[in-house]
Amino acid sequence: SIAIVKWDLIANAGAGDNELAMDLPADLLLTVGMHIAYKESKQKSDRVLSAKRISQEKARSEGKIMTRSCPAWLTVNKEKDAFIVDDSLVHIIKRMFELKVTRLGSRRIINELEKEGITKFNGSPLRVDIVDKYLKMGAVIGRLQTTIDDRTTGKRIRKNIGEVIEDYYPRIISDDLFYAAQACFEGGQSGGSAG
């Protein structure tokens, strides 16, 4: 059965008494309905993309904050013109980087943090995927890469739009420490239990 709620229509190939049979008029209505739904969805996607590009350009040219959504160690002030840094979370991220450059994998980084009394990050237990995420995140050196969801394949795929905006976020890690940690990943340290 296929339903078009907008027109209160249900079409079924093996129609019963209360359903519309899949004949030519029903098929035509379903085809038109699907085409209209596709066009409406594409129009919404285009508008979202356009709005993101405008916000991105304002962020790049005027230093405007695009959205209240930001990395866990930051919040946006009430006026939406500055980021507020949570130093307790920044301390944990710095320790992750310091431990990573000693060639530890993420599981061992968690073990070391737990020995130091750090068992949670932003209220959640430390996990390998969280450690890996923050160790690879460009936001720690101030970068913003705007993305949009692409669902054309039926799966949600995050696609980058526009160029990276440098110094959008307050830097919490030096470039030297960030790139030293990235080199550890490239050198075969996947962030698992090895290392």
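Residues numbered from 1 in each chain as written. Predicted model: local features only at pLDDT ≥ 70, side-chain atom pairs only at ≥ 80, totals over all residues. Heavy atoms only, no water.

1. Some points on the overall build of the chain
Turning to step 1, where the next piece is worked out: What the chain contains, in helices and strands, is five helices and nine strands.
Turning to step 2, where the next piece is worked out: Listed N to C, the secondary structure of the chain is β-β-β-α-β-β-α-α-β-β-α-β-β-α in terms of helices and strands.
Turning to step 3, where the next piece is worked out: Per-residue burial over the chain gives 33% buried out of 195 residues.
Turning to step 4, where the next piece is worked out: A separation threshold of at least 6 residues defines the contact pool for the chain, and within that pool the share at least 24 residues apart is 56%.
Turning to step 5, where the next piece is worked out: Of the accessible surface of the chain, which amounts to about 12,200 Å², a share of 52% is contributed by carbon and sulfur atoms. (Helix = DSSP H or I, 4+ residues; strand = E, 2+ residues; numbered from the N terminus. Buried < 20%, exposed > 50% of the residue type's maximum accessible area, 1.4 Å probe, protein only. Contact = heavy atoms within 4.5 Å. Areas by Shrake-Rupley, 256 points an atom, 1.4 Å probe, with all protein chains shown as cover.)

2. Overview of helix α3 (residues 106–115)
Turning to step 1, where the next piece is worked out: Considered for burial, the residues of α3 that qualify are S106, I109, I110 and L113. Summarising the axial view, the buried residues of α3 lie within an arc of 100°, below the 170-degree limit, and thus occupy one face.
Turning to step 2, where the next piece is worked out: Its buried side turned inward, α3 meets α2 (87–100) and α4 (128–136).
Turning to step 3, where the next piece is worked out: Positive phi shows up at G117, right after α3, with a value of about 90°. (Arc of directions from axis to C-beta.)

3. Points about the packing of α2 against α3
The axes of two packed helices give the description: the angle between them and the distance between them.
Turning to step 1, where the next piece is worked out: As a packed pair, α2 and α3 sit with axes 10 Å apart at the nearest point and diverge in direction by 125°. Taken as axis vectors, α2 and α3 run oblique relative to one another. Note that α2 runs across α3; the crossing there is right-handed. The residues of α3 that touch α2, namely those facing R95, M96, L99 and K100, are I109, E112 and L113.
Turning to step 2, where the next piece is worked out: Among the residues forming the contact of α2 with α3, the class breakdown is four nonpolar, no polar and three charged. (Axes fitted to C-alpha atoms, helices over the stretch in contact; angles between N-to-C directions. Parallel < 35°, antiparallel > 145°, perpendicular 65-115°, else oblique. Left-handed = near helix turned anticlockwise from the far one by under 90°. Nonpolar A, V, L, I, M, F, W, Y, C, P; charged D, E, K, R; others polar.)

4. Examining the pattern of salt bridges
Turning to step 1, where the next piece is worked out: Under the criterion given, the structure shown has seven salt bridges.
Turning to step 2, where the next piece is worked out: For the salt bridge of E98 with R95, the shortest nitrogen-to-oxygen distance reads 2.9 Å. Taken together, the positions of E98 and R95, both in helix α2 and three residues apart, correspond to about one turn of that helix.
Turning to step 3, where the next piece is worked out: Judged by its relative accessible area of 36%, E98 falls in the partly exposed class.
Turning to step 4, where the next piece is worked out: Measuring nitrogen to oxygen at the nearest pair gives 2.9 Å for the salt bridge that ties D167 to R171.
Turning to step 5, where the next piece is worked out: Overall, the relative accessible area of 51% leaves D167 in the exposed class.
Turning to step 6, where the next piece is worked out: Take R171: its relative accessible area is 40%, and that puts it in the partly exposed class.
Turning to step 7, where the next piece is worked out: Where salt bridges share partners, they join R95, E98 and E116 into one cluster. (Salt bridge = Lys/Arg side-chain N within 4 Å of Asp/Glu carboxyl O.)

5. With respect to a nonpolar patch on the surface
Turning to step 1, where the next piece is worked out: A cluster of nonpolar side chains, contributed by L28, V32 and I36, occupies part of the molecular surface with about 230 Å² of accessible area.
Turning to step 2, where the next piece is worked out: Considering the arrangement of structural elements, one finds V32 in helix α1 (residues 24–62). (Patch = residues over 30% accessible without salt bridge, like charges linked within 9 Å, V, L, I, M, F, W, Y side chains within 5 Å.)

6. Topic: the packing of α4 against helix α5 (residues 175–186)
Turning to step 1, where the next piece is worked out: Where α4 contacts α5, the two axes come as close as 9 Å, and the packing angle between them is 125°. Judged by the angle between their axes, α4 and α5 are oblique. Taking contact as the criterion, the partners of D132, L135 and K136 in α4 are, on α5, F178, Q182 and F185.
Turning to step 2, where the next piece is worked out: A class-by-class count of the residues in the contact of α4 with α5 yields three nonpolar, one polar and two charged.

7. Re the confidence of the model for the chain
Turning to step 1, where the next piece is worked out: Summing up the model confidence of the chain, the mean pLDDT is 82 and the portion of residues at 70 or higher is 83%.
Turning to step 2, where the next piece is worked out: By mean pLDDT, the top-scoring element of the chain is α2 (97), and the lowest-scoring one is strand β3 (residues 20–21) (53).
Turning to step 3, where the next piece is worked out: Of the regions scoring below 50 in pLDDT, residues 189–195 engages in 26 contacts with residues more than four places distant in sequence or in other chains. (pLDDT = per-residue confidence, 0-100.)

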